[in-house]
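These are the residues of each chain, in order.
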There are 2 protein chains.
Amino acid sequence: MITVYSDEHKYHHGSGELFRGSVVPCVENPDRASEILSRIRTIGLGDVRPAHDFGLSPVYRVHTERFIAFLQSAFDQWKSISDNPDALPSAWTSHRPSAEEPQSINGWLGYYSFDAGTPITAGTWRAAKAAADTALTAQAIVREGAPAAFALTRPPGHHASSEQYGGYCFLNNAAIAAEAMLRDGADRVAIIDIDYHHGNGTQAIFYDRSDVLFVSIHADPAQEYPFYHGYAQETGNESGEGFNVNYPLPIGTGWERYREALDDGLRRISTYGPDALVVSLGVDTFDGDPLGKFRLTSDNFTEIGRRISELSTPTLFILEGGYDLESIGLNVTNVLCGFEE
Amino acid sequence: MITVYSDEHKYHHGSGELFRGSVVPCVENPDRASEILSRIRTIGLGDVRPAHDFGLSPVYRVHTERFIAFLQSAFDQWKSISDNPDALPSAWTSHRPSAEEPQSINGWLGYYSFDAGTPITAGTWRAAKAAADTALTAQAIVREGAPAAFALTRPPGHHASSEQYGGYCFLNNAAIAAEAMLRDGADRVAIIDIDYHHGNGTQAIFYDRSDVLFVSIHADPAQEYPFYHGYAQETGNESGEGFNVNYPLPIGTGWERYREALDDGLRRISTYGPDALVVSLGVDTFDGDPLGKFRLTSDNFTEIGRRISELSTPTLFILEGGYDLESIGLNVTNVLCGFEE
């Protein structure tokens, strides 16, 4: 399987996130991508190709212009009020989008975000744009006929909505790639999100639409981040009704229960009959991940890849979360190798 | 003038707030109240009386039961996940109240708050309840015939709405006192908020109603906290239309411009003809306040008190912000003495 990778991700390296009342070192860091890349090379998964620059047009199909302008300029404004290398929001509104868009950086940060764990640093925009390009480059490889490709994206994307960042995510790489698939001729695209955390951004982006089916298997938001979305009763809106499928699972979920949700989700996708599939690939469902409380083993990831391959649909894997540096390379490549078996 | 004061405020003493990307020592701390109390005694302003316990009924007229249950139990839940003495939210939703109420403490904190600068500590509920009782005790003194009284409340209240805390505020002492005035027979109550920061909580509580006129003079929210409310075009809703009056003023505002807004606001109140007046008394408009960028002098505060007294309405002063410990006692008592001149 071809991997697309850009070194530019290293420009996003936050120093701190607010966690349980303290600012602690960022758990989403460049070593994650390095570990996966190293494993890909060690096992000889396939070519590793650079990302091309696709400009901003495909990004604007998912995100608003004012949100992109914010991401591009937020850190410069932050520098005028703080020497801190990380811009974090400290106040927010529960009345978006009806609330006024503020003009000051602290108001701006809270307006466009939904957590205080996602620092904007000097290089964040550059890295986020490169991640979107990485996803788009891999999408082009699938479009040109490859059965699958892997976008080794960092920062991740599935929590970002059209106008809000958070959960370590700025641009929604999976949504941008899905839109590119539609533009390239697909009538229906399915996204399956297997990150431990609900893909609230992806859900929000496609919630009113039937041309993208979103299926997410994740920890119950009543207990786990992102807390406010990801419930089973969230099934879509208007013409999107029935095209959003959430499988919230309890803390402690192991393979058996997970497999049931996965198989059910894959059946839903099979019935939908998509022309292409995007996999939001998080491996923080691993037993031992510092941010996850599921109990999947490394072998389970191979099995996940195998089951996804049974859809026999052109498939684009896009990296989301996974924070255990010792296992992340193994678990990600197990999914990819399982798919290719 | 009689002051009502309770030592219980000392139970709320947060250690840190998120400010410009770092957790820094809380600027809202018990020394604020001590300084004011000391000044009141030094100048012999009048009796200092203890607060009575009014139970929860008057609190429930402003805040929802589930919000009070949250404030009462949040810290106990926090203890189960963290040794940090301050509970701070780190994620939030822009979809209240339609979002699901989460069941985990981190989700809960974000659901009921709008900033990460307002720690909930072991003693926060106790102090917040005592502050409401302090306001209600002072309200009873005015009801019984005193021309005015001063509630030396801490934590402050004007940012708290029926279901959200933030801006160092948990229970809206001014709103609770205004409701008590209505219950005691007032047909119309006016609230004038002269804190540097917009009283977004008080505005939200009375936004649809005509029996409480809310007038606020504050820094432009486009530039200053609370960022998302406090604009001039926010004039009330439904039967409250026309009964919400905001005077956002630019950074650097001095006495002349401030006085114009004050006089205009007092004219609006005079026309309204309230049976009683609540003053949300912040002195962070002082030139030198660490959180404010207006340029009022200590003499200006005397003049503010004098002008408010010209309404010849029973008046309840309730403490809100003001963070310069050297001047806070002088500036607060200047308002009160100006009123009594």
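Residues numbered from 1 in each chain as written. Chains lettered and ligands numbered in written order. Predicted model: local features only at pLDDT ≥ 70, side-chain atom pairs only at ≥ 80, totals over all residues. Heavy atoms only, no water.

(A) Summary view of the confidence of the model for chain A. Overall, the prediction assigns chain A a mean pLDDT of 96, with 100% of residues at 70 or greater. Per the prediction output, this complex has pTM 0.95; the corresponding ipTM is 0.92. (pLDDT = per-residue confidence, 0-100.)

(B) View of the sheet that holds strand 8 (residues 244-249) of chain A. Residue and element names in this part refer to chain A. The strand order 4-1-5-10-9-6-7-8 describes an open sheet built from 8 strands, whose pairing is parallel. Each edge of the open sheet carries a strand with a single partner, namely strand 4 (48-49) and strand 8. Here strand 7 (residues 212-219) pairs with strand 8 via 6 bridges, running parallel. Among the inter-strand pairings, histidine 218 is bridged to a residue of strand 8, identified as proline 248. Packing against the sheet, helix 6 (residues 173-183) makes contact with strand 6 (189-193), strand 7, strand 9 (276-281) and strand 10 (315-319), and its axis sits at approximately 175° to strand 9. (Pairing = 2+ DSSP bridges. Helix = DSSP H or I, 4+ residues; strand = E, 2+ residues; numbered from the N terminus. Contact = heavy atoms within 4.5 Å. Axes fitted to C-alpha atoms, helices over the stretch in contact; angles between N-to-C directions.)

(C) Just helix 9 (residues 298-309) of chain B, in detail. Residue and element names in this part refer to chain B. With 12 residues, helix 9 should reach 16 Å at 1.5 Å per residue; the first-to-last C-alpha distance of 18 Å fits that figure. Within helix 9, the full set of buried residues consists of Ser298, Asn300, Phe301, Thr302, Ile304, Gly305, Arg307 and Ile308. If you follow the buried residues of helix 9, they end up packed against helix 8 (255-272), strand 9 (276-281), strand 10 (315-319) and helix 10 (325-340). (Expected span 1.5 Å × (residues − 1). Buried < 20%, exposed > 50% of the residue type's maximum accessible area, 1.4 Å probe, protein only.)

(D) Summary view of the nonpolar core. Of all hydrophobic cores here, the largest spans 122 residues; its most connected members are Phe70 and Ile120 of chain A together with Phe70 and Ile120 of chain B. Apart from the residues within four sequence positions on either side, isoleucine 120 of chain B is in contact with Phe70, Leu71, Ala74, Phe75, Pro85, Asp86, Ala87, Leu109, Tyr165 and Phe170 of chain B. (Core = buried A, V, L, I, M, F, W, Y, C linked by side-chain atoms within 4.5 Å.)

(E) Local environment of the pairing of strand 7 (residues 212-219) of chain B. Residues and elements named next belong to chain B. Among the 8 residues of strand 7, 8 are classified as buried, and the element is accordingly described as predominantly covered. Sheet topology note: the strand 6 (residues 189-193)/strand 7 ladder contains 5 bridges and is parallel. Bridging from a neighbouring strand, alanine 190 pairs with leucine 213 of strand 7. Regarding the hand of the β-α-β motif, the stretch spanning strand 6, helix 7 (residues 200-206) and strand 7 is right-handed. (Right-handed = clockwise from strand over helix to strand, strands pointing away.)

(F) The arrangement of the sheet that holds strand 9 of chain B in detail. Residue and element names in this part refer to chain B. In space, the 8 strands of this open sheet follow the order 4-1-5-10-9-6-7-8, with parallel pairing throughout. Taken across any chain shown, the strands that pair with only one partner, and hence form the sheet edges, are strand 4 (48-49) and strand 8 (244-249). Sheet topology places strand 1 (residues 2-4) next to strand 4; 2 bridges connect them, and they run parallel. Bridged to threonine 3 within strand 4 is valine 48. Each of strand 6, strand 7, strand 8 and strand 9 is contacted by helix 8, which is oriented at about 175° to strand 7, the strand it contacts most.

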